[in-house]
Number of protein chains: 4
Amino acid sequence: MILARCARRVPYGAAAVVSTSCALADEGPTFSVEKVDLKRVTHLQTLGFRSKGGSNAKSFGYAKFISDDDCVLGDVLLKAHAGPREVTGYMRAGPRSELHFDPKETRAAIVTCGGLCPGLNSIVKNLVTILEGHYGIQKIYGVSGGYRGFTSVGWDAPVELSSDYCERIHHDGGTVLGTSRGGFDAEKIVEWLKAKHVSQLFVVGGDGTHRGAYKLAELCVARGLNVSVAGIPKTIDNDIGIIDRSFGFMTAVSEATRAIAAARTEAECNMPNGIGVVKLMGRSAGFLAAYATLASQDVDLCLVPEVPIVMEGPQGVLPHLERVIDRKGHAVVVVAEGAGEELLGASAEVDAGGNKKLPAIGEWLVAEIKKHFKASGKEATLKYIDPSYMVRSVAADAGDSYLCMLLAHAAAHGSMAGYTGFTVGLVNNRTVMIPIPELARTSPRSMNATGRTWERVLSITSQPGIALARKKTKAGSPVDEAP
Amino acid sequence: MILARCARRVPYGAAAVVSTSCALADEGPTFSVEKVDLKRVTHLQTLGFRSKGGSNAKSFGYAKFISDDDCVLGDVLLKAHAGPREVTGYMRAGPRSELHFDPKETRAAIVTCGGLCPGLNSIVKNLVTILEGHYGIQKIYGVSGGYRGFTSVGWDAPVELSSDYCERIHHDGGTVLGTSRGGFDAEKIVEWLKAKHVSQLFVVGGDGTHRGAYKLAELCVARGLNVSVAGIPKTIDNDIGIIDRSFGFMTAVSEATRAIAAARTEAECNMPNGIGVVKLMGRSAGFLAAYATLASQDVDLCLVPEVPIVMEGPQGVLPHLERVIDRKGHAVVVVAEGAGEELLGASAEVDAGGNKKLPAIGEWLVAEIKKHFKASGKEATLKYIDPSYMVRSVAADAGDSYLCMLLAHAAAHGSMAGYTGFTVGLVNNRTVMIPIPELARTSPRSMNATGRTWERVLSITSQPGIALARKKTKAGSPVDEAP
Amino acid sequence: MILARCARRVPYGAAAVVSTSCALADEGPTFSVEKVDLKRVTHLQTLGFRSKGGSNAKSFGYAKFISDDDCVLGDVLLKAHAGPREVTGYMRAGPRSELHFDPKETRAAIVTCGGLCPGLNSIVKNLVTILEGHYGIQKIYGVSGGYRGFTSVGWDAPVELSSDYCERIHHDGGTVLGTSRGGFDAEKIVEWLKAKHVSQLFVVGGDGTHRGAYKLAELCVARGLNVSVAGIPKTIDNDIGIIDRSFGFMTAVSEATRAIAAARTEAECNMPNGIGVVKLMGRSAGFLAAYATLASQDVDLCLVPEVPIVMEGPQGVLPHLERVIDRKGHAVVVVAEGAGEELLGASAEVDAGGNKKLPAIGEWLVAEIKKHFKASGKEATLKYIDPSYMVRSVAADAGDSYLCMLLAHAAAHGSMAGYTGFTVGLVNNRTVMIPIPELARTSPRSMNATGRTWERVLSITSQPGIALARKKTKAGSPVDEAP
Amino acid sequence: MILARCARRVPYGAAAVVSTSCALADEGPTFSVEKVDLKRVTHLQTLGFRSKGGSNAKSFGYAKFISDDDCVLGDVLLKAHAGPREVTGYMRAGPRSELHFDPKETRAAIVTCGGLCPGLNSIVKNLVTILEGHYGIQKIYGVSGGYRGFTSVGWDAPVELSSDYCERIHHDGGTVLGTSRGGFDAEKIVEWLKAKHVSQLFVVGGDGTHRGAYKLAELCVARGLNVSVAGIPKTIDNDIGIIDRSFGFMTAVSEATRAIAAARTEAECNMPNGIGVVKLMGRSAGFLAAYATLASQDVDLCLVPEVPIVMEGPQGVLPHLERVIDRKGHAVVVVAEGAGEELLGASAEVDAGGNKKLPAIGEWLVAEIKKHFKASGKEATLKYIDPSYMVRSVAADAGDSYLCMLLAHAAAHGSMAGYTGFTVGLVNNRTVMIPIPELARTSPRSMNATGRTWERVLSITSQPGIALARKKTKAGSPVDEAP
């Protein structure tokens, strides 16, 4: 195995003859990790609440338990010779040997908040089956319609969830619990938890929802309530920090590629010079647009909020489209709804959830392209597609269903073990528990305009890359280099 | 943020009052990595072949390059207090600053071997678009029908691949190149490479195919040929070691859940006591059966090669099915084709690819269940579904299309940079280059019968877990704990 | 409009110059229908049961009513000069001006029998919504698991169906009522109807089920029960006479084309000489195999029960496959499960539903093809796919959902109007009521081996047609010429 | 069989006892057809062009031929006692015993015009396979991008089509030929036909395209060109007269139900009072909206161009929505793009194809509903989905693929036999040839606002029906009562 023996590169100068051996003296670059900065999750016991669940071995024949001594490294990219290095670590999720809560006396509640996302029902089903079927919890409330379901007068009352109730819900999109935006009232929610003797609250939602969840966790402690609050991050935009990807995201990408396929077909077939434009969700993060571009391989131009749009000039969008049209006779454009704010101006208006109303980038872009081609004396046939909610209202695909199971189990194991104020996620392909403040600190994230995902987009679309140099500063921390 | 300050668990004894502060003296468990055992990939320069590609910056406006100083940690699960620890590392994949090959003078060839897998055409398309469109290679051969395509008389001659040729192939299942089993002849293949002036060979296939690819890499070196051989691991069974998952696997899981849905519908609706049995691929690894079970959430019994089948007794399959039927009125069973060898006996026969012919576990199981229910005086309505090749002949879904893009780019960047004898993969959600001998050493892998994936299956199906204790010894290294 | 004036063909002899006018003297062939043989459906009033439903106008603002004076022609193919001709007619389905039953006092029951078929839940939902929502019937029983659900001890009791209960059932395959084969006991069923005060029974099933339904209608009359029994024909094989097509059939064809697509991909990609063989349902009628062949356009050989299989010789299957392989390099074969009985011999065994057990034509065919190619010194790669229940367990597609709505409405309108012993169907694209004895007399039908559907199959597959001359005599009346 | 004997209804007065026999004297209503008004298609022989194709039996082993003596009845709904009646008839499509054209000397051309529609590629493929494979025509031109492809300078030149070229095109949406609107120039097209020695032209398009095709047929005759021009009707709106349904329509309905499912999920889950609004294609005919409503069974309000929109009052849209919301908590609305013109006013603008630009009914409706609920003090959560081109750019489903095969074969058989100026269609579930002027006279059609399809929509949605009385007069003949 000569190759294996020569796996280290030696600076050869200009060796003219082929060597069938190689020097092994030089050990090459070395790597090490001095210290792991473990992002610890709080346990109710440390706050003075006595554990009384007993041994977890009674609930299931576990092969082994996870403990606080198990850590998942958060930074897996190392540089050689970089000196002593501290990397982030997260507590590994999974069943603990001791239960904090006695299932027989425990009541749980589940609430889903914010916009829809593929997999919400999978999360609910998996939470119920592990809490009820695996751990034996007898009463699980499903809170109706987000945070408002705890408090709104005239709103549907919470339902009792069971494995039977959830038998087939995961095959449908949406959430059987309903959802809404806003309506967070920590005092009233904690009152409700107390009144219903609920000691485990599972909150599924975005970074705003998580901030609320953390307040609930703190308020429960302040009130002396032995309550675990666990989050499960939900975002159709994949803009939650730290985690590999959020559940439902790849399903949404998959649906988005259906719209792109339609746009490509329209562009290819409508002569002359068919141009299909697809608008996708993504207010401040272009992950959906970028991943749909990478997954579909049918896109010639991708516009995202993180990179300013340049219309004219040698690196402009319009000349690029002309070149594509000249070469192929048609073109496909994907634009995230939040792109082009620098051109259109941000609206001062906000919607009920506090989100800024976005300028109509899709329609604007179509009009500009039409104008440009008309001015340049070329006919162009524009077709505009906005799949909007169609990308998020479907059931989770197999990959996301699997991910939802991982996350629900991670949250349930952590909560039964007595942790609180945490959320769960897949980090470097392992399930971990993350302190909510860490998630809040790094969310919403946006795509790194000089990172590898965007570089791949540029490589595949061949669109001009100058904008790289003019990376906009966006809120949150741009995700690094994954994957 | 009281919770954050108290994130470390303190052994409380029996604190009766709730504390709103916590001691911070004890630092808790600490983690570190003493040394990274980097699995280096061989560079052609170390073997005496002079690089003459020049600067990679000319090909594309990269934001930054990856170098041999970039490492991806292979082990991300750490134990505290475990003493100085050495973990595995892999070379990060990605564009290098210097090219080994000059694109203008370089010819590449692509070959796909073994059984079909979703995403093969995505791999081919992405290889061609990055080699041709991004790097500017002018001639790329598509070898017809696997290794035999290099040598078979009367076989289709290799075609020349171009971006135009590959424009839409990724939307179809299968491989435009065709595939076959066997037919590996290192001498003839190297002759062909030499005759055609091909200096980059991309081989897509399983562990056997990779072993062949490594022989080719070695033989090229021995012959003084400046040729890079790169692999891309392909397996419908997800039984390749080291990597997070193989491309196409989740798509196959998704198709498998269609068969399971059919079986569930038949079981639910055909009275009395409907039982749907689905046989899935998986000769020696049950990942497909296990993941389809976890993704569909509709399965009551999952049988895999890694765990022996016990039919009778308190922990037996048949009494479990009776209990399920008594509770729900119907049951769904998933069985991997390689399960139950210990009951049926392995056939001595092998097929053309050297695979052992498998006993007909599906039909056997159906007959045994019928017999059992008849004997116990209960009617049962059995429905058997074998989707066979339907799970593998479809196009890659969005997630796998994205993965195929990552892998093809990783292989192309590595090959252009001058590495050889390597394969690529997603490890801890990062793309890496892996020396083929490492892949060969750890493949085929089987599922860990005491690992977390199987534990999740047991939790969800509620099937008896005693078999855990009787884990069969299988070839290869069982994958650990992912994810 | 010169063309329009010359629309009749005149025997021109050898007119050398182009005429821009044409003679109009000859009127050409003429067509007429002397008499329509209307297949009347029995009304309960003619049997002495007084109608007391009153005016239907109260239930809904109909634009117009259908009456016994409305007829749908059953034979729409006429021959000129054929002399006075009698054609079949059917009573048009639709709302009648007078109701026989008073919705307030009426109870209905629905039962689904036999094997699954796409659209069963659509039928149930549409029956419930029109009976409850449109007509105002208060109590509708859903009988569990076919005819046995009326009588079996220990079986699930009938459930009460409502629009709420049925809200989303139509999006799932199968039948929420469950189904079974056999178990027909007319006395007990009529007792049950009487005991539950049910005066409308809707029976969904095949020709055997319909024969039972007619016995129930007769027995009710004999017992003096004012009960309407209406059928809705269900068959996955499309082998019910008279009607254009049965609900769910095109959905099954659609699913079957998925299996064919998989077989084509395997055949195309597996070298050398890939041959994909797909077995489809169809015990005595090959409609599913034939329509899947016509819809997929990917099939090179289609074998059905109606046409004997000839393996060798100039018109044989095997030489045809060799020719296809020589031309294209691969081939796709579709075989109905009931084909080839003349070669394999019919089994004397019957299953619980009285269906003969079929010889394993698929496996046999694969073995014969392998043997043949081996003998002729050619390698061939055979891939066998049997989608079995996967083609029938899915939900109805849009076309079949629409058809199910038409049929359920037709049955409900007819039953509310007081007809009994009838079934419904689409005949020449119009909904009609058909006396059950007419349906029973013409069912099961098989495909006409000298008809146009088979001719189209032969044209598209290019398979040898000699077998046409050796049409087998099959039970039932072969469908004529549709469409 | 007592029921069968009593199938005719006798006016019973008040028979108190049940009769088990019945009088048979009265024969009941009788039906007959005095005369069939056959809509003849012109044969080139009648125009003085000599046939020289010889016997068709040489091309294929037909079981039987269709002749001018074969007629398909167009009116299959008869009224009893209606006196002597004349019904419409059409010439049955199918192979004729004599060919007008000698395949060896014949060249054909195919052109696709207007907007995309599922199945265009199936039409092209089936035309090519029957012309080339079945009849043996050697040269078939595929004209690029609609009528403009014959004449536009700088446009893609016509390609030569073959079975190989078309091997898999039918699995993709769109048309491989490309399409465009307008550009019809009869003189230039006939010049092209003459120059290329093309004697069969197949034109796929809407009623406007067909009017052009008829002009071409006439001009060819006037120029002494022995050319057959055959049409195949294409419309995504199903607004072509006479035929049962147009190809691709049910596929579009199927895709539309995906958007409706998304709207329903959003409406159900977004609290409080979720309302999903889906806009569908349909400028002047609401078939797509109506059929999608009937197929999805999830719609509470359907608005179409044929029925004026009433917003307020006891029969208004807004109070209806309030009632639905009060009962179910959510509502789903489908609106055709051409609905509400009477409220919004028709724009004077027209697009390149001469279509009037439509007012933005979808956005207007969403705004009105929001305003209404706000005014009435109820929160409502509106979600708007416009799938636009996504419903038409997909490949044909199995049912439409089958239909496309029927139509392509019908056109090819008719053209080979020497007919010209005709189009083809499914009428009463039989393939016929229709003189183009008949199609033009009855197209575009709109939905009958007092017909059965709309009545079914009203029954299922429970929306107010008063608008029935105010049926708008629309261009074209409203389709009658189908089915």
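Keep in mind it's a predicted model, so treat the numbers as computed, not measured.

**Regarding the overall build of chain A**
Here comes step 1: The number of helices and strands found in chain A is 13 helices and 19 strands.
Here comes step 2: Within chain A, buried positions represent 64% of all 483 residues.
Here comes step 3: Nonlocal contacts in chain A, meaning residues at least 24 apart in sequence, comprise 77% of its contacts between residues at least 6 apart.

**Details of the relation of the copies chain A and chain D**
Mapping between the two copies of the chain is achieved by a rotation about an axis and a shift along the axis.
Here comes step 1: For these two chains of identical sequence, chain A goes onto chain D by a turn of 180° and a shift of 0.0 Å along the axis, with RMSD 0.0 Å. On this basis, the relationship between the two copies can be described by a two-fold rotation axis. Taking C-alpha positions as the reference, the residue of chain A nearest the rotation axis is Pro387 of chain A, at 2.9 Å.
Here comes step 2: Most of the interface of chain A is mirrored in chain D, where 100% of its interface residues are also at the interface.

**Some points on the pairing of strand 8 (residues 107-112) of chain D**
All names here are of chain D.
Here comes step 1: For strand 8, the tally of buried residues reaches 5 of 6 residues, placing the bulk of the element in the interior.
Here comes step 2: The sheet contact formed by strand 8 and strand 9 (residues 139-142) spans 4 bridges and is parallel. For Arg107, the partnering residue across the bridge sits in strand 9 and is Lys139.
Here comes step 3: Crossover strand 8 to strand 9 through helix 2 (residues 120-135) is right-handed.
Here comes step 4: Looking at chain direction, strand 8 and strand 11 (residues 200-205) are connected through 5 bridges and run parallel. The residue of strand 11 that forms the bridge with Ile110 is Phe202.

**Focus on the packing of helix 2 (residues 120-135) of chain A against helix 11 (residues 398-417) of chain A**
Residue and element names in this part refer to chain A.
Here comes step 1: With their axes 8 Å apart at the nearest point, helix 2 and helix 11 run at an angle of 45° to one another. By the angle class used here, helix 2 and helix 11 are oblique. Of the two possible hands of crossing, helix 2 and helix 11 adopt the one that is right-handed. Side by side, helix 2 and helix 11 meet where Ser122, Ile123, Asn126, Leu127, Ile130, Leu131 and Tyr135 of the first sit next to Ser401, Cys404, Met405, Leu407, Ala408, His409, Ala411, Ala412 and Met416 of the second.
Here comes step 2: When grouped by side-chain class, the residues that make up the contact of helix 2 with helix 11 number 12 nonpolar, 4 polar and no charged.

**Some points on the interface of chain A and chain D**
Here comes step 1: Contacts between the two partners involve 26 residues from chain A, matched on the other side by 26 residues from chain D.
Here comes step 2: Sorting the residues of the side of chain A that touches chain D by element identifies helix 6 (249-269) and strand 16 (381-385) of chain A as the ones contributing at least two each.
Here comes step 3: Sort the elements by how many residues they give to the side of chain A that touches chain D and helix 6 of chain A lands first, with 7 residues.
Here comes step 4: Looking at the side of chain A that touches chain D residue by residue, the classes come out as 10 nonpolar, 11 polar and 5 charged.

**Let's talk about the environment of Gly208 of chain B**
Residue and element names in this part refer to chain B.
Here comes step 1: Here Gly208 lies in helix 5 (residues 207-222).
Here comes step 2: Taking the number of C-beta atoms within 10 Å as the measure of exposure, Gly208 has 19 and is therefore partly exposed.
Here comes step 3: Distance in space between the C-alpha atoms of Gly208 and Ala408 is 20 Å, their sequence separation being 200 residues.

**Let's talk about the packing of helix 7 (residues 287-296) of chain D against helix 13 (residues 452-461) of chain D**
Residue and element names in this part refer to chain D.
Here comes step 1: Two numbers describe how helix 7 lies on helix 13: the axes approach to 10 Å, and their chain directions differ by 45°. As judged from the angle between their axes, helix 7 and helix 13 are oblique. Both helix 7 and helix 13 take part in a crossing whose hand is left-handed. Between helix 7 and helix 13, the contacting residues are Ala290, Thr293 and Leu294 on the first element and Thr453, Trp454, Arg456, Val457, Ile460 and Thr461 on the second.

**A few points about the pairing of strand 19 (residues 430-435) of chain C**
Residue and element names in this part refer to chain C.
Here comes step 1: For strand 19, the tally of buried residues reaches 6 of 6 residues, placing the bulk of the element in the interior.
Here comes step 2: Note that strand 6 (residues 86-92) and strand 19 share 2 bridges and pair antiparallel. Each bridged residue has a counterpart across the sheet, and for Arg92 the counterpart in strand 19 is Val432.
Here comes step 3: In this antiparallel pair of consecutive strands, strand 18 (residues 422-427) and strand 19, the connection spans 2 residues, and Asn428 shows a positive phi of 55°.

**Notes on the domain arrangement of chain A**
Residue and element names in this part refer to chain A.
Here comes step 1: Taken domain by domain, chain A consists of domain 1 (103-246 + 396-427) and domain 2 (249-345 + 356-393 + 448-469).
Here comes step 2: A straight line from the C-alpha centre of domain 1 to that of domain 2 covers 36 Å.
Here comes step 3: Counting from both sides, the interface comprises 17 residues of domain 1 and, opposite them, 14 residues of domain 2.

**Observations regarding the sheet that holds strand 14 (residues 301-303) of chain B**
Residue and element names in this part refer to chain B.
Here comes step 1: Overall, parallel pairing links the 4 strands, which are arranged 14-15-13-16 in an open sheet. On the outer flanks of this sheet lie strand 14 and strand 16 (381-385), each paired with one strand and no other. Here the strands of the sheet are splayed against their neighbours by 15° on average, with no regard to which way each runs.
Here comes step 2: The pairing of strand 13 (residues 274-280) with strand 16 spans 5 bridges and is classified as parallel. If you follow Val277 over to strand 16, its bridge partner there is Tyr384.
Here comes step 3: Helix 6 (residues 249-269) rests against strand 13, strand 15 (330-336) and strand 16 of the sheet, and its axis sits at about 165° to strand 13.

Rules and cut-offs
- Residues numbered from 1 in each chain as written.
- Chains lettered and ligands numbered in written order.
- Predicted model: local features only at pLDDT ≥ 70, side-chain atom pairs only at ≥ 80, totals over all residues.
- Helix = DSSP H or I, 4+ residues; strand = E, 2+ residues; numbered from the N terminus.
- Buried ≥ 20, exposed ≤ 12 C-beta atoms within 10 Å, placed from the backbone.
- Contact = placed C-beta atoms within 7 Å.
- Least-squares fit on C-alpha atoms with pLDDT ≥ 70 in both.
- Pairing = 2+ DSSP bridges.
- Right-handed = clockwise from strand over helix to strand, strands pointing away.
- Axes fitted to C-alpha atoms, helices over the stretch in contact; angles between N-to-C directions.
- Parallel < 35°, antiparallel > 145°, perpendicular 65-115°, else oblique.
- Left-handed = near helix turned anticlockwise from the far one by under 90°.
- Nonpolar A, V, L, I, M, F, W, Y, C, P; charged D, E, K, R; others polar.
- Domains from an automatic or database assignment.

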